[in-house]
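# Working through the structure, step by step
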Amino acid sequence: MNGRFLRWAVAVLLMPLMTACSIGPVRQPPPDRAAPPPNPATTAPASSPTVSDVEVREVRVAVGQRYEAPYVEFVTAERGYAQFSCGPPVDRSCPALLYATTDGGRTWRRLRHPHPVSENPQLHVAPGGLAISVGPGDWYTSTDGGVTFAHTGGERAPAVWQAAQGRFQIDEATGRAVRWQGQRMTPLPAQPPVPDLHGIVETRGLLVAGGVDGGKPYAAISPDGGRSWQRTAVPASGGEVGMLRPVAGPDGEARLIGWPPDRTRFPTLWRYLGRWTPVPAEGHPARALSVVPLTTGRFAVSGPDGVGVVADGRYDRLDWPLGPEHYLTLLDDGTVLGRASDEVLLASGPVGSRGWVRVVLGPA
């Protein structure tokens, strides 16, 4: 198992638990200001459907053979970013390279990397935001698609990046629910009556907050932007809950995903239909890796047994082109993204007729 895959696998297990970043100081070499700006380049892709109804968008770009496979991330089905690097140790002859796509990976354009020489640059994306961390307390952020970057230091992630995560969040430093207005964070007028807040989501004019106390899930809703809250009973899950994540389905329906203390076990699911209603999953496997909400109360689940859907009280296998290692996320436009160590697949459309795209980016 190579170092890149190990880092990705550890990140996958931590994804549902992360709400913000708290970073300490470290010394880093200064940016390579002498390096000439990269020339924008577009390479014609080879795009063709395969026998398994997966469109392959394969693009080769002019990077050296020493580079590892790129880390590719998407914000929507069309907009994405990719970073090539050689991995540690620092090597000025192999600087990090940054690319962007606005057509779903059919073409890629090279951007100026804000800090191409560093030990382990990390790419982060969010709707309206792009960030590259090059060390603890050392961030470069962009709000214009990577055209320009601003450098920020300090123990916490920069405000512009935190604000890009959504208007309502849980402040890692205080554990309180907050609202972002521009780059200013303020506590909500009233705090949710939920112990040990794990998450907050805005959907259909409601704020939904969730947390856990003593293995039991708790949730509350606010119809007025956090000025008042009503605790909403969450029916017993039949097992201990270690982490409760409020999410919004692509249709705007509020859901809860309750992960057991053993994060590899299959979670408990709820829908909000005026009250929290358990979502049975008869026949589900014992373990799960990731869960995303779909339309009409459904959930897609990936895990060691492959990919399946929870619908109508049952768990059934899905004929999606994903393996047990793929981690599912739901993008801002409702696109499902499946990620393995060095592979990204995108899909949009109804559950039974999603159009899958495999995005492949590599050296020419």
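Structure's up top.
These remarks concern the structure in this document.

### Overview of the sheet that holds strand E15 (residues 206-213)
- Strand order in this open sheet of 4 strands is E14-E15-E16-E17, and the pairing throughout is antiparallel. Among the strands making up the open sheet, the edge pair consists of strand E14 (197-203) and strand E17 (230-232). Going across the sheet, the axis of each strand differs from the next one's by a mean of 25°, ignoring polarity.
- Note: strand E16 (residues 216-222) against E17, 3 bridges, orientation antiparallel. In the sheet register, Ile221 faces E17, and the bridge partner there is Gln230.

### Some remarks on the pattern of salt bridges
- Tallied over the full model, the rule gives 13 salt bridges.
- For Glu73, the salt bridge goes to Arg339, with nearest N and O atoms at 2.9 Å. Within this pair, whereas Glu73 is found in strand E3 (residues 71-74), its partner Arg339 is found in strand E27 (residues 336-340), the two being separated by 266 residues in sequence.
- Taking the relative accessible area as the measure of exposure, Arg339 reaches 5% and is therefore buried.
- Notably, a salt bridge pairs Glu253 with Arg255, separated by 2.6 Å at the nearest N-O pair.

### A few points about the sheet that holds strand E6 (residues 109-111)
- Strands sit in the order E3-E4-E5-E6 across an open sheet of 4 strands; the sheet is antiparallel. Because the sheet does not close on itself, it has two edges, and the strands there are E3 and E6. In this sheet, adjacent strand axes meet at a mean angle of 25° when their direction is disregarded.
- With 5 bridges connecting them, strand E4 (residues 80-84) and strand E5 (residues 97-101) associate as antiparallel partners. Paired with Phe84 across the bridge in E5 is Leu97.

Conventions adopted
- Residues numbered from 1 in each chain as written.
- Predicted model: local features only at pLDDT ≥ 70, side-chain atom pairs only at ≥ 80, totals over all residues.
- Heavy atoms only, no water.
- Pairing = 2+ DSSP bridges.
- Helix = DSSP H or I, 4+ residues; strand = E, 2+ residues; numbered from the N terminus.
- Axes fitted to C-alpha atoms, helices over the stretch in contact; angles between N-to-C directions.
- Salt bridge = Lys/Arg side-chain N within 4 Å of Asp/Glu carboxyl O.
- Buried < 20%, exposed > 50% of the residue type's maximum accessible area, 1.4 Å probe, protein only.

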